[in-house]
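# Remarks on the overall topology
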Amino acid sequence: QVQLVESGGGLVQPGGSLRLSCAASGSISNINAYDLGWYRQAPGKERELVTRITVIGSTNYVDSVKGRFTISRDNAKNMVYLQMNSLKAEDTAVYYCNAYLSSRRLGYWGQGTQVTVSS
């Protein structure tokens, strides 16, 4: 069993910053082999991929967050982070951490953390 636990969400004003963290534990002995991603789901909308970092450190971002969000990983600590700057109201959503093991086509989700951008 793999557990992913997100933290760091909250209420922030437009233009502010937040840093989300995701801790992996359980049978996932080391996240080295996993592609890691952050998804988000706003009310009434489908879950979308925000950003992903592969096992070799390649990253990609949805256009709406390019230049504002940065994903990073710390394999030694089994952690993945999302630094979010210049936040906008449209970034408001529940943010989910995802770990994907491509060799076995196995994916795991965290429970989500709420990010609300409002004045």
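Here, the structure is the one placed above.
Residues numbered from 1 in each chain as written. Predicted model: local features only at pLDDT ≥ 70, side-chain atom pairs only at ≥ 80, totals over all residues. Heavy atoms only, no water.

### Let's talk about the overall build of the chain
Along the backbone of the chain there are zero helices and 11 strands. Its C-alpha atoms give the chain a radius of gyration of 14 Å, near enough to 14 Å, the size a compact globule of 119 residues would have. In terms of overall dimensions, the chain has C-alpha extents of about 40 × 25 × 25 Å along its principal axes. For the chain, buried positions account for 40% of its 119 residues. Relative to all contacts within the chain whose residues are 6 or more apart in sequence, the contacts with residues 24 or more apart total 53%. By element, 46% of the accessible surface of the chain is carried by carbon and sulfur atoms, the whole surface being about 6300 Å². Taking the 12 positively charged and 8 negatively charged side chains of the chain as two groups, their mean positions are separated by 4 Å. (Helix = DSSP H or I, 4+ residues; strand = E, 2+ residues; numbered from the N terminus. Rg over C-alpha atoms; globule rule 2.2 N^0.38 Å. Buried < 20%, exposed > 50% of the residue type's maximum accessible area, 1.4 Å probe, protein only. Contact = heavy atoms within 4.5 Å. Areas by Shrake-Rupley, 256 points an atom, 1.4 Å probe, with all protein chains shown as cover. Lys, Arg positive; Asp, Glu negative; His and termini not counted. Charge placed at Lys NZ, Arg CZ, Asp CG, Glu CD.)

### Side note on the sheet that holds strand 8 (residues 79-84)
Pairing within the open sheet is antiparallel, and its four strands lie in the order 1-3-8-7. Of all the strands in the sheet, the pair left with one neighbour each is strand 1 (2-7) and strand 7 (69-74). Here the strands of the sheet are splayed against their neighbours by 15 degrees on average, with no regard to which way each runs. As defined by bridge partners, strand 3 (residues 18-26) adjoins strand 8 across six bridges and the pair is classed as antiparallel. In the strand pairing of strand 8, Cys22 is matched with Val80. (Pairing = 2+ DSSP bridges. Axes fitted to C-alpha atoms, helices over the stretch in contact; angles between N-to-C directions.)

### So, the pattern of salt bridges
Under the defined criterion, the tally for this structure stands at four salt bridges. Between Arg40 and Asp91 there is a salt bridge; the shortest N-O distance is 3.0 Å. You can see Arg40 sitting in strand 4 (residues 35-41) and its partner Asp91 sitting in the loop between strand 8 and strand 9 (93-101), a full 51 residues away along the chain. A salt bridge links Asp63 to Lys66, with the nearest nitrogen and oxygen atoms 2.9 Å apart. Overall, the relative accessible area of 60% leaves Asp63 in the exposed class. Among the charged side chains, a salt-bridge network with shared partners connects Arg40, Glu48, Arg68 and Asp91. (Salt bridge = Lys/Arg side-chain N within 4 Å of Asp/Glu carboxyl O.)

### Re the nonpolar core
Ranked by size, the top nonpolar core spans 28 residues in total, and within it Trp38, Phe69, Met84 and Tyr95 carry the most contacts. Mapped by element, the contributors of at least two residues to this core are strand 1, strand 3, strand 4, strand 5 (48-53), strand 7, strand 8, strand 9 and strand 11 (113-117). For this core, the element with the most residues is strand 9, which contributes five residues. Setting aside residues no more than four positions away along its own chain, Phe69 makes contact with Arg40, Val50, Tyr61, Leu82, Gln83, Met84, Asn85, Leu87, Asp91 and Tyr95. (Core = buried A, V, L, I, M, F, W, Y, C linked by side-chain atoms within 4.5 Å.)

### So, the environment of Lys77
Inspection of the secondary structure assignment puts Lys77 in the loop between strand 7 and strand 8. Separated by 18 residues in sequence, Lys77 and Thr59 have C-alpha atoms that sit 19 Å apart.

### Some words on the state of the cysteines
Counted under the stated rule, the structure contains one disulfide. The disulfide partner of Cys22 is Cys97, and the gap between their sulfur atoms is 2.2 Å. A torsion of -85 degrees about the S-S bond marks the disulfide between Cys22 and Cys97 as left-handed. In this pair, Cys22 sits in strand 3 while Cys97 sits in strand 9, placing the two residues 75 residues apart along the sequence. Across the pair, Cys97 and Cys22 agree in class, each one buried. (Disulfide = S-S within 2.5 Å.)

Such coordinate-based values are descriptive only and should not be taken to indicate function.
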